[in-house]
2 protein chains.
Amino acid sequence: MTDNHRYCVIMCGGIGSRFWPYSRSSRPKQFIDFLGTGRSLLQMSFDRILPLVPKEHIIIVTNEQHAPLVREQLPELDESQILLEPARRNTAPCIAWAMYHIAAKDPQASVIVAPSDSLITRENIFIESIKKGFEFVESNDALLTLGIKPTRPETGYGYIQIGSKTDGDIYAVKTFTEKPRRELAEVFVESGEFFWNSGIFIWKASTIIDAMKTYVPDVTNIFDKGEGVYGTEAERKFIAEHFPGCMSISIDFAVMEKATNVYVECVSFGWSDLGTWSALYDNSPKNRDANVTQNCNVLSYNSSGNIFAVNGEKLVVVDGLADYIVADAGDVLLICPKAEEQRIKQMVNDAHLAFGEKYL
Amino acid sequence: MTDNHRYCVIMCGGIGSRFWPYSRSSRPKQFIDFLGTGRSLLQMSFDRILPLVPKEHIIIVTNEQHAPLVREQLPELDESQILLEPARRNTAPCIAWAMYHIAAKDPQASVIVAPSDSLITRENIFIESIKKGFEFVESNDALLTLGIKPTRPETGYGYIQIGSKTDGDIYAVKTFTEKPRRELAEVFVESGEFFWNSGIFIWKASTIIDAMKTYVPDVTNIFDKGEGVYGTEAERKFIAEHFPGCMSISIDFAVMEKATNVYVECVSFGWSDLGTWSALYDNSPKNRDANVTQNCNVLSYNSSGNIFAVNGEKLVVVDGLADYIVADAGDVLLICPKAEEQRIKQMVNDAHLAFGEKYL
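Just so you know, these numbers come straight off a predicted model, no measurement behind them.

(A) Quick look at the overall build of chain A. The helix and strand tally for chain A stands at eleven helices and 17 strands. Along the first, second and third principal axes, the C-alpha atoms of chain A reach 60 × 50 × 35 Å. Buried positions account for 57% of the 360 residues belonging to chain A. Carbon and sulfur atoms provide 48% of the accessible area of chain A, an area that totals close to 14,700 Å².

(B) Broad picture of the packing of aromatic side chains. A full pass over the atoms with the stated rule returns 32 aromatic pairs over all chains. Every member of this aromatic cluster is reached through a ring pair, and the members are A:W97, A:Y100, A:F223, A:Y230, A:F238 and A:F243. Of note, B:K258 hangs over the ring of B:F253, and the distance from its end group to the ring centre comes to 4.2 Å.

(C) Region of interest: the sheet that holds strand 17 (residues 332–337) of chain B. If you trace the six strands from one edge of the open sheet to the other, you get 13(A)-15(A)-17(B)-16(B)-14(B)-12(B), paired in mixed fashion. Every interior strand has two partners, whereas the edge strands, strand 13 (297–301) of chain A together with strand 12 (292–294) of chain B, have only one. Ignoring strand direction, the axes of neighbouring strands in this sheet form an average angle of 5 degrees. Note that strand 14 (residues 307–310) of chain B and strand 16 (residues 324–328) of chain B share four bridges and pair parallel. Across the sheet, residue B:I307 finds its bridge partner in strand 16 of chain B, namely B:I325.

(D) Structural context of helix 1 (residues 41–49) of chain A. Residues and elements named next belong to chain A. Of all the nine residues making up helix 1, eight are buried; the element is thus mostly covered by neighbouring parts of the structure. Listed as buried for helix 1 are L41, L42, Q43, M44, S45, F46, R48 and I49. Among the structural elements, strand 1 (6–11), strand 2 (58–63), helix 2 (67–73), strand 4 (110–115), strand 5 (119–121) and helix 4 (123–139) are those in contact with the buried residues of helix 1.

(E) Representation of the pattern of salt bridges. Scanning the entire structure with this criterion turns up 36 salt bridges over all chains. With a closest N to O distance of 3.0 Å, A:R152 and A:E154 form a salt bridge. B:E183 is paired through a salt bridge with B:R181; the nearest N and O atoms lie 3.0 Å apart. Given the relative accessible area of 47%, B:E183 is considered partly exposed. On the basis of relative accessible area, B:R181 is assigned to the exposed category, the value being 56%.

(F) Just the packing of helix 6 (residues 205–215) of chain A against helix 7 (residues 217–224) of chain A, in detail. Residue and element names in this part refer to chain A. Helix 7 packs onto helix 6 with a crossing angle of 120 degrees between their chain directions and a minimal axis gap of 6 Å. Looking at the two axes, helix 6 sits oblique to helix 7. The segment helix 6 lies against helix 7, with I209, M212, K213, T214 and Y215 engaging P217, V219, T220 and D224. Of the residues in the contact of helix 6 with helix 7, the class split is five nonpolar, two polar and two charged.

What counts and how
Each chain carries its own residue numbering, running from 1 in the direction its sequence is written. Written order determines the labels here, with chains lettered from A and ligands numbered from 1. Given that this is a predicted model, residues contribute local features only at a pLDDT of at least 70 and side-chain atom pairs are listed and counted only at 80 or more, while totals for whole chains, interfaces and linings are drawn from all residues. The basis for every side-chain value is the complete set of non-hydrogen atoms in the structure, without hydrogens or water. Counting from the N terminus, the helices are DSSP H or I runs at least four residues long and the strands are E runs at least two residues long. For every residue, the accessible area (1.4 Å probe, protein chains only) is compared with the maximum for its type, and the residue is labelled buried under 20%, exposed over 50%, or partly exposed between those bounds. Working definition of accessibility: Shrake-Rupley area with a 1.4 Å probe, residue cover restricted to the visible protein chains. Pairing of aromatic side chains here covers Phe, Tyr and the six-membered ring of Trp, requires ring centres within 6.5 Å, and sorts the geometry by plane angle: under 30 degrees stacked, over 60 edge-to-face, intermediate tilted. Only when the NZ atom of a Lys or the CZ atom of an Arg is both within 6 Å of the ring centre and within 35 degrees of the ring normal do we say a charge sits over the ring. Each pair of strands is called paired provided DSSP finds at least two bridges between the two strands. Axes here refer to lines fitted to C-alpha atoms; in helices the fit is confined to the stretch in contact. Angles between the N-to-C directions go from 0 to 180 degrees. The contact rule is simple, with two residues in contact once any of their heavy atoms fall within 4.5 Å. A carboxyl oxygen of Asp or Glu within 4 Å of a side-chain nitrogen of Lys or Arg is what we treat as a salt bridge. To sort the angles, those under 35 degrees are grouped as roughly parallel, those over 145 as roughly antiparallel, those from 65 to 115 as roughly perpendicular, and the leftovers as oblique. Side-chain classes are defined by residue name, with Ala, Val, Leu, Ile, Met, Phe, Trp, Tyr, Cys and Pro counting as nonpolar, Asp, Glu, Lys and Arg as charged, and the others, Gly among them, as polar.

Structural data, given as structure tokens:
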């Protein structure tokens, strides 16, 4: 089996509302140069996968609304490599469609499925880990998920408990646990048996399709009706008609927590889901006052622990501010303590109630 | 003597650096709709004077740089009513030029001289006070200044101590005191003898010119050289050549604190020099959380005592902020405690050092 059967699906349909107003419905966080590197999170995800699969084998799944952003940011992609969801239905229908699409073209395909908005460091380790994962699923009918060695008792992540060892760093999965309480998270980390659920999967397209037929037949029944359309001009029309009829369900809940052939590869590259401002703060380089500045010039006085996310050439001058988020998106300015960021969703709701769609 | 000899000079040359970045060198505070009324402070000053002097008798003195702003905001003015200073030389040379200009046209002229950036409320009282002041200087060779009955022991203002009573609310001036310490300011207010120095003057042009000839002959010697040019096409060239040679000195220091025919009219209309963000806060309407919002929509949570000065349609969402200035000028965002606003000048200097003219 050669590399020519290896594919990648980058899931790019998120709306990033937790980073409002810096991330907007018109430009969610994966399309933003969040780390000031000159490349958006999506572009960084694409770059990272290039050493692993042929460029033509990279598929982006996104919402129809964001097709222009994908085309603009990844002009090297052929239009056939962009799958546009006509509705948001969580990860299971998204993955099902991508797998049917790839399997129709290459029944032997093995696929890495990854979110577009994670931060990954130590990419050499990432590449070696993914290669081992591909080799494992290519010789086993296995659903492989990547578990990150935890570095702290994070309560915002899901955890995977490992079972018996199979091959190198690959273990059978014993349990999945969603966001644990603090005390439990501490026990998890100390035990050495628990790993963060990265949401990165590797499998043969045929293996995951078989598992979905067993555990979410309502979804696969819909995609089975499309036999013969995948990769043809008829695919778009078929999807427009049938995709919205899929239930909204995550791949974890639909398959990974139920199937018996689920394995976890324990990896140690740097990883963050960048799901919160605090995570972004923790993962960003800081200046000598422990402030993080995104794309802007900051003059700070008596201020530390802040994250400034401000578009463009703007100058921020700040005095006497500690541990705040200052996010400026041109028509919206947010000033909020980092510790209160879980309230941002409510603020977005309030803005919606008060001003309609204008500031969303 | 009729109203036809009454004139007004509005001094409009300030740069408003204390309100940076909301007030910029390209658009100082007097040109901004600071109170959200739809009229700039300059326009409000103009409107306020209209019931008192003929429109054609209102003269604006400003810096050459800001001529387009004056023309834009007061299109009803004839070009001959705008005097453009080729250099900044404080108030005495500014007033001297305006007086020579007016006296050449009307030797009998009486003039109210007022800053363009004060806030005045209870305008009916203002109008009655100014009328009385005009009548007083028209029948006496008096330099009249307006003293505001103080409402608090403000340390940021100058105070005028009254002497013997002459006519109604008009008194001889005993002393001028610049920004007193707190304890002294409290004594001043309790005594009932001290009034805030408003920087508003009323006098005959001939009276103030005579006084300047006595106390700042270096300045009047320059303007005397221009005899015959005032009100002609040659005036502009004369001023360009000679005005920059004037010493930079205030009218208070040059004349008012020295002359013997100085009187104060004690008035009780509402007045603020709007010289600081805190003054602007104090003089602006507040919402139920005691926040002041200038021209913007604010969603505030756990926040009070703030002033938000943000251009345009911008939405500000703020959590956990008390007693701050939040000023957004498009390319500069300032977040600073109200109590620290005296540091803003240093911040402007730092921005200048770090980024040159860009953000000034």
